[in-house]
Amino acid sequence: MLMMLPEVQVSDIARWEGQEVTLKGWLYHLRKKGRLVFLLVRDGSGTIQAVVFKKEVAPEVFDLAQSLSQESAIIVRGIVRRDERAPIGYEISVQTVVLVHAATDYPITPKEHGTGFLMDHRHLWLRSAKQQAVLRIRSRMMRACQAFFDDRGFLRLDTPILTPAACEGTTTLFETPYFGETAYLSQSGQLYNEATAMAFGKVYCFGPTFRAEKSKTRRHLTEFWMIEPEMAYADLDDTMDLAEDFLVYLAAQALEHCQQELRTLDRDLSKLEAIQKPFPRITYAEAVELLHSQGHDFEFGSDFGAPDENAISSQFHRPVMIHRWPADCKAFYMKRAPDEPNIVLGVDVIAPDGYGEIIGGGQREDDYGTLEARIEEHKLPRESFEWYLDLRRYGSVPHAGFGLGLERLVTWMAGIHHLRETIPFPRLMDRLQP
RNA sequence: UCCCCUGUAGCUCAGUCGGUAGAGCGAGUGGCUGUUAACCACUGGGUCGGCGGUUCAAGUCCGUCCGGGGGAGCCA
């Protein structure tokens, strides 16, 4: 008989007001009050309080309800009732409870826990309200990322994860044996994107990226997701325009679709509402001047560290675009400025409030001879880049693009402190488990 | 790789001057008809990270190894 009732989800419980329903889920929390038991039931779509009155149910049902342990799998049958006191506005008046599986000694209690403990129990931590909110935002942002580019005529063409050589030479790569050769896990899809862009015009890839750098900060994962658009017949300004539209769109999507989640996380919505065009665009030289004018000690020509980035971004309430960088601090494929040979047409987008670099990109070198010289300068294995040089042999055009780090985006949108919570199973320098 | 902090009950922590360990929460039992991290009472729960050293005596002091957290550099 139980199965004859409509099976409902907490997320659309309002539709079922006054009706008798079945809800399948897990016990998030339980509070007893004599002849009354409150079951907080989590079904993956949300959490609702189910109320069990002793006089309204069979004695064995009340005994069961009273003795349920945290995270036990249960099926609840009852009537959906509107209630002012409920956080989501509705409750279920329970008629029957079925125990599917009894959990014993669930390690994550409603009290405080340290990060190390929670990370060791990441597979269970995912069930907590805050983690659910963050990961729902992640899912929405992934969807929005794809929609944005799909709607603008970009073709999603994913690039390989197993690659024969370093894309950017400088960064450390993960190695893996490959039938007698060595393969490397991709640190960027960009070089391959340039090939598909020359074939399809506007493309993007979206997938995991690997960096074997020993970075131990709240902004680094060894495995993270990156979305990288690339456009043929485009320059630095086109890329900055695109990045700007993109971030404005993403913030709007978060505000439109993640209200509940952002509220769970106590996110200051005005911070997201402030992400509007135009973003300030300053050159590297202007950024250095800004640092100097604030009394910061900074040597022209080096890259900005986290404190420098924060000092710059704190001057603006919107993401700030820093463009035209010294060639020495950027990758070999960056296009040189026609007027200044030591400057490259790259751009970094720094998010406000210390969330740091969220986008990096720019225009690519499209001249065969110049690129060839750069490959030599950087002591890169020429053979591995022959195919890349081919793109400059056959119909080379100005082209540009960028990469956005998904986890950094979600950290920023959700307003949380550490990006390890924005991916279901984070891979960090010192953590491979679970 | 470097710098700082830390390791005591299932969890979060306290533990003074070196004298064999405590609290809150969780768990168990009982009570309570509106709780929101409920509350009240009782009960059980410890290789004080490992190894070595100093000492009559080490959670406490010293050495070393291991684990955890935070930060830097580099990057998205």
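Definitions and cut-offs
Residues numbered from 1 in each chain as written. Chains lettered and ligands numbered in written order. Predicted model: local features only at pLDDT ≥ 70, side-chain atom pairs only at ≥ 80, totals over all residues. Heavy atoms only, no water. Helix = DSSP H or I, 4+ residues; strand = E, 2+ residues; numbered from the N terminus. Contact = heavy atoms within 4.5 Å. Areas by Shrake-Rupley, 256 points an atom, 1.4 Å probe, with all protein chains shown as cover. Lys, Arg positive; Asp, Glu negative; His and termini not counted. Charge placed at Lys NZ, Arg CZ, Asp CG, Glu CD. Pairing = 2+ DSSP bridges. Axes fitted to C-alpha atoms, helices over the stretch in contact; angles between N-to-C directions. Buried < 20%, exposed > 50% of the residue type's maximum accessible area, 1.4 Å probe, protein only. Polar contact = N/O pair within 3.5 Å; in protein donor to acceptor, adjacent residues only side chain to side chain. Salt bridge = Lys/Arg side-chain N within 4 Å of Asp/Glu carboxyl O. Phe/Tyr/Trp six-rings, centres within 6.5 Å; stacked < 30°, edge-to-face > 60°. Lys NZ or Arg CZ within 6 Å of the ring centre and 35° of its normal. Expected span 1.5 Å × (residues − 1). Near = heavy atom within 4 Å. Core = buried A, V, L, I, M, F, W, Y, C linked by side-chain atoms within 4.5 Å. 1 Å grid on protein atoms, 1.4 Å probe; cavity = no way out; pocket = protein on both sides within 12 Å on 5 of 7 lines; lining within 4 Å. Points joined across faces, edges and corners; volume = space filled by probe spheres on them. Patch = residues over 30% accessible without salt bridge, like charges linked within 9 Å, V, L, I, M, F, W, Y side chains within 5 Å.

Draft legend 1. Seen up close, the overall build of chain A. When you go through chain A residue by residue, the secondary structure sums to 13 helices and 16 strands. By its C-alpha atoms, chain A is 85 × 55 × 40 Å across when sized along the principal axes. Of the contacts made within chain A by residues no fewer than 6 positions apart, 64% connect residues no fewer than 24 positions apart. Surface exposure of chain A reaches about 20600 Å², of which carbon and sulfur atoms provide 51%. Across chain A, the centroid of the 49 positively charged side chains sits 9 Å from that of the 62 negatively charged ones.

Draft legend 2. Fine view of the sheet that holds strand 4 (residues 73-82). The five strands are arranged 1-2-3-5-4 in a closed barrel whose pairing can be described as mixed. Averaged over all pairs of adjacent strands, the angle between their axes in this sheet comes to 55°, without regard to strand direction. Summarising the sheet, strand 1 (residues 20-33) and strand 2 (residues 36-42) pair through seven bridges and their orientation is antiparallel. Following the sheet pairing, His29 is matched in strand 2 by Leu40.

Draft legend 3. Representation of the side chain of Arg392 within the structure. In this structure, Arg392 sits in helix 12 (residues 386-393). We classify Arg392 as buried; its relative accessible area is 6%. Separated by 2.7 Å, the side chain of Arg392 and the backbone oxygen of Glu365 make a polar contact. Not counting residues within four places of it along the chain, the set of residues in contact with Arg392 comprises Glu194, Arg364, Glu365, Asp366, Asp367, Tyr368, Leu371 and His399.

Draft legend 4. Examining the pattern of salt bridges more closely. Taken as a whole and assessed by the stated rule, the structure comprises 26 salt bridges. Where Asp83 meets Arg85, a salt bridge forms, and the shortest distance between an N and an O atom there is 3.0 Å. By relative accessible area, Asp83 is classed as buried at 7%. A residue is classified by how much of its surface remains accessible, and Arg85, at 72% relative accessible area, is exposed.

Draft legend 5. Region of interest: the packing of aromatic side chains. Evaluation of the coordinates by the stated rule reveals 20 aromatic pairs. Ring centres of Tyr178 and Phe179 lie 5.1 Å apart, and the angle between their planes is 70°; this geometry places the pair in the edge-to-face category. By relative accessible area, which is 37% here, Tyr178 ends up partly exposed. Three or more aromatic residues link up through ring pairs in this structure, and these residues are Phe148, Phe149, Phe154, Tyr204, Phe246, Tyr249 and Phe402. The aromatic ring of Tyr249 is capped on one face by Arg152, whose charged end is 5.9 Å from the ring centroid. Arg392 extends its terminal NZ or CZ atom over the ring of Tyr388, reaching a point 4.2 Å from the ring centre.

Draft legend 6. Fine view of helix 4 (residues 129-151). Taking 1.5 Å per residue, 23 residues should reach 33 Å; helix 4 reaches 33 Å between its end C-alpha atoms and fits that length. Of the residues flanking the end of helix 4, it is Gly153, one or two places downstream, whose phi is positive at about 80°.

Draft legend 7. Representation of the protein's contact with RNA strand B in the model. Taken together, 52 residues lie near RNA strand B, and Arg31, Glu91, Arg211, Arg408 and Arg420 sit nearest. A breakdown of the atoms of RNA strand B within 4 Å of the protein gives sugar and phosphate a share of 47%. Ile358 is positioned such that a nitrogen or oxygen atom in its backbone is 2.7 Å from a sugar or linking oxygen of RNA strand B. Counting only elements with at least two residues in the surface near RNA strand B, the list comes to strand 1, strand 2, strand 3 (47-53), helix 2 (115-120), strand 11 (223-232), helix 10 (306-313), strand 15 (356-363) and strand 16 (399-405).

Draft legend 8. A look at the nonpolar core. Within the largest apolar cluster, 52 residues are counted, with the highest numbers of intra-cluster contacts made by Leu247 and Met413. Contributions of two or more residues to this core are made by helix 4, strand 10 (202-210), strand 11, helix 6 (236-257), strand 14 (343-351), strand 15, strand 16 and helix 13 (406-414). Per-element accounting of this core gives the leading share, 11 residues, to helix 6. Other than its neighbours up to four places away in sequence, Met413 contacts Ile137, Met141, Ala251, Ala254, Leu262, Arg267, Leu272 and Ile275.

Draft legend 9. The layout of surface pockets, seen in detail. Considering only enclosed or pocket space, the second largest pocket measures out at about 820 Å³ in volume. Lining the second largest pocket we find 29 residues, and of these Ser45, Gly46, Thr47, Ile88 and Gln260 sit closest to its centre. Elements with a contribution of two residues or more to the lining of the second largest pocket: strand 1, strand 2, strand 3, helix 4 and helix 7 (259-264). Residue contributions to the lining of the second largest pocket peak at six residues, all from helix 4.

Draft legend 10. Molecular detail of the sheet that holds strand 7 (residues 162-163). Read across the open sheet, the three strands follow the order 7-9-8; overall the sheet is antiparallel. Here the strands that pair on one side only, and so sit at the sheet edges, are strand 7 and strand 8 (175-178). Of the strand pairs in this sheet, strand 8 and strand 9 (residues 181-185) are connected by four bridges, and their pairing is antiparallel. Opposite Tyr178, over in strand 9, you have Glu181 as the bridge partner.

Draft legend 11. Looking closely at a nonpolar patch on the surface. Residues Leu162, Tyr178 and Phe179 make up a contiguous nonpolar surface patch of about 370 Å² in total accessible area. For Phe179, a relative accessible area of 78% translates into the label exposed.

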